[in-house]
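Summary of the model geometry
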Amino acid sequence: MSSSQPLLDVARSSETSASTLPKDPKDDKSTIVLITLLGLFVDYGTLSAIIPIAPLCLKNIPQTYIFVLFSSKSIAQILFNPVAGHFVDKHHTNIPKVFTVGMLLLAVSTLVFGVGLIDSGALSDWGLYYFMLAARSAQGLGSSSVLTAGMAAISNTHEEEERGGAMGVAMVGIALGVLLGPPVAGGLASLLGPATVFWLFAAIAFLDVYLMSALLRKNPKAYDPIDPEALAREKDDALEPFPFTTPRLILGLTTVIANMTVAISEPMVPLFLNNVFGYGEGKVGLIFGIQALAYLLGTPVFGYLSDVVCKSTLIIFGLAMQAGGMFMLFSGGEELWVICVALGLLGVGISAVDTPSMPLLTFLVPPKFFGRALAQGDICVNLGYLFGPLICAAFVADDSDSERFEGLADLNGLACAAMLPLMFLC
């Protein structure tokens, strides 16, 4: 009896030590990337899902007001992004709370959006329009925290040499949202009604919040920065004014123009395809799938390359692809293959610009400014998506003149080309 007791003690001791062994931090890092990916998927899925639904639900509303509805989410996001960045910098260990608040607001506003579509018959055309405008603006408030807090969490928990790849994987959520949003929305709306589209995205948002709470229950320190001592030393200066630097200004302007290029092509190409080829929504959606698929495939590739190649070089490559795509877009007249190739170049180009831009922003500032730097990146993306539809509303909303399409595309291509030499300063 006495001889077996030491053996039992050893066994219990080994079990206790095994249970207290630290878990592989790579598991938590992967979960953080997955949570950010899902959040970005919901964010950009709700952004693109409205494209096939709004024109059908608001048939009697002028086209210009539809473009304003599309832009309203970006406007709200631009206004609230600095607040989200400020909170991330002030409360580094509370990044999960900032992300959760954003996801919950995004989920609730998306649910409300769906409820409005159910009772659309009880509202006038303008009543439904203003209801959708308010709900979409609320989505923008929630979205402002998703990218900023999600990317800040990846920056805090990943070393510099792996940060670009992790951000690239997370940004696959953007590509999936843009790629799947319109076809999923169109299919569900025709089968089960337009409200089910937004209920689906709201359910995924709630699932994302649950995953984060489960991760924090398992490891409360999962979101803690890699170097908490360095962060503690900088905490006293965390709220000092965000410094102005020329490289960040150039990178921000590049991001605006690159995303504006995509935002301009989105309303112009369907109008052109309908006017020239007589294509309906189905064929237009398939052709636009080329751009979204190129973006989806390019995002993880350029994320990985941003860890091994100069990030500015990748952005220059992306700008060149976008300039070439815009110059080609309407230059082929009635040659459909030219438009398809141009859309492919635009998809590759925007993935080569956006994916390295986020990690590059974190390299241009110390960790105490990660939140505000990433908020700047998100603001620039949304400025591009804000200006694009508004420019189209002013120039080509009700115009079928192919020369005007080509002229606006060429001007945008020249803007991309003009940024190429400036990027060498970053």
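A brief structural summary.

Reading the values: rules and limits
- Residues numbered from 1 in each chain as written.
- Predicted model: local features only at pLDDT ≥ 70, side-chain atom pairs only at ≥ 80, totals over all residues.
- Heavy atoms only, no water.
- Core = buried A, V, L, I, M, F, W, Y, C linked by side-chain atoms within 4.5 Å.
- Buried < 20%, exposed > 50% of the residue type's maximum accessible area, 1.4 Å probe, protein only.
- Helix = DSSP H or I, 4+ residues; strand = E, 2+ residues; numbered from the N terminus.
- 1 Å grid on protein atoms, 1.4 Å probe; cavity = no way out; pocket = protein on both sides within 12 Å on 5 of 7 lines; lining within 4 Å.
- Points joined across faces, edges and corners; volume = space filled by probe spheres on them.
- Nonpolar A, V, L, I, M, F, W, Y, C, P; charged D, E, K, R; others polar.
- Phe/Tyr/Trp six-rings, centres within 6.5 Å; stacked < 30°, edge-to-face > 60°.
- Patch = residues over 30% accessible without salt bridge, like charges linked within 9 Å, V, L, I, M, F, W, Y side chains within 5 Å.
- Areas by Shrake-Rupley, 256 points an atom, 1.4 Å probe, with all protein chains shown as cover.
- Salt bridge = Lys/Arg side-chain N within 4 Å of Asp/Glu carboxyl O.
- Expected span 1.5 Å × (residues − 1).
- Axes fitted to C-alpha atoms, helices over the stretch in contact; angles between N-to-C directions.
- Left-handed = near helix turned anticlockwise from the far one by under 90°.
- Contact = heavy atoms within 4.5 Å.

By size, the foremost hydrophobic cluster in this structure holds 88 residues, and its most contacted members are L58, M103, M132, M151, I154 and Y223. No other element matches helix 2 (residues 25–57), which puts 14 residues into this core. Counting 21 residues, the second-largest nonpolar core is a separate cluster that includes F272, V284, M326 and F405.

For the coordinates displayed, the defined rule picks out two cavities of 30 Å³ or more. Of the volumes computed, that of the largest cavity is approximately 190 Å³. Every residue lining the largest cavity is counted, 18 residues in all, and those nearest its centre are I174, Y295, I350, D354 and Y385. If you list the elements that add at least two residues to the lining of the largest cavity, you get helix 7 (172–192), helix 10 (246–277), helix 11 (281–305), helix 13 (336–363) and helix 14 (370–395). Looking at the lining of the largest cavity, the element that brings in the most residues is helix 13, giving four residues. Of the residues that constitute the lining of the largest cavity, the class distribution is 13 nonpolar, three polar and two charged. Of the pockets and cavities examined, the second largest cavity occupies roughly 30 Å³. Lining the second largest cavity are T255, D354, S357, M358, L361, G377 and V381. Those elements that place two or more of their residues in the lining of the second largest cavity are helix 13 and helix 14. The residue makeup of the lining of the second largest cavity, split by class, is three nonpolar, three polar and one charged.

On to the packing of aromatic side chains. Tallied over the entire structure, the rule returns eight aromatic pairs. An angle of 80 degrees between the planes, with centres 5.6 Å apart, marks the rings of W126 and Y129 as edge-to-face. One end of the pair, W126, and the other, Y129, are both in helix 5 (residues 125–157), three residues apart, so they sit about a helical turn from each other.

For the rest of this paragraph, the subject is the environment of D307. Mapped onto the secondary structure, D307 falls in the loop between helix 11 and helix 12 (311–329). D307 sits in the partly exposed class, given a relative accessible area of 24%. In this structure, the C-alpha to C-alpha distance between D307 and A166, residues 141 residues apart in sequence, is 9.7 Å.

Moving on, we come to a nonpolar patch on the surface. Taken together, the side chains of L104, V108, L111, V112, V115, W199 and F206 define a hydrophobic patch exposed on the protein surface, amounting to about 530 Å² of accessible area. For the nonpolar patch, the secondary-structure elements that each account for two or more residues are helix 4 (95–118) and helix 8 (195–218). By residue number, the principal contributor to the nonpolar patch is helix 4, which donates five residues. Its place among the elements puts V115 in helix 4. Relative accessible area serves as the criterion here: at 41%, V115 is assigned to the partly exposed category.

Time to look at helix 12. Under the 1.5 Å per step criterion, the end-to-end length of helix 12 is 27 Å for 19 residues, consistent within 8% with the ideal 27 Å. Every buried residue of helix 12 is accounted for by K311, S312, L314, I315, I316, G318, L319, Q322, A323, G325, M326 and L329.

Once that is clear, we can look at the packing of helix 6 (residues 160–170) against helix 13. With their axes 8 Å apart at the nearest point, helix 6 and helix 13 run at an angle of 145 degrees to one another. Helix 13 is crossed by helix 6, and the crossing has right-handed handedness. Where helix 6 abuts helix 13, its residues E160, R163, G164, M167 and G168 lie against T355, M358, P359, T362 and F363. Residues that form the contact of helix 6 with helix 13 fall into these classes: four nonpolar, four polar and two charged.

What follows covers the pattern of salt bridges. Taken as a whole and assessed by the stated rule, the structure comprises two salt bridges. As a salt-bridge pair, K29 and E162 come within 2.7 Å of each other at their nearest N and O atoms. On the criterion of sequence distance, the pair formed by K29 in helix 2 and E162 in helix 6 is long-range, its members being 133 residues apart. Salt-bridge contacts for K73 lead to D43; the nearest nitrogen and oxygen are separated by 2.6 Å. Taken together, the residues span a long stretch of sequence, with K73 in helix 3 (residues 63–90) and D43 in helix 2 at a distance of 30 residues. In this structure K73 comes out as buried when scored by relative accessible area, which is 1%.

Read these as geometric descriptors, not functional statements.
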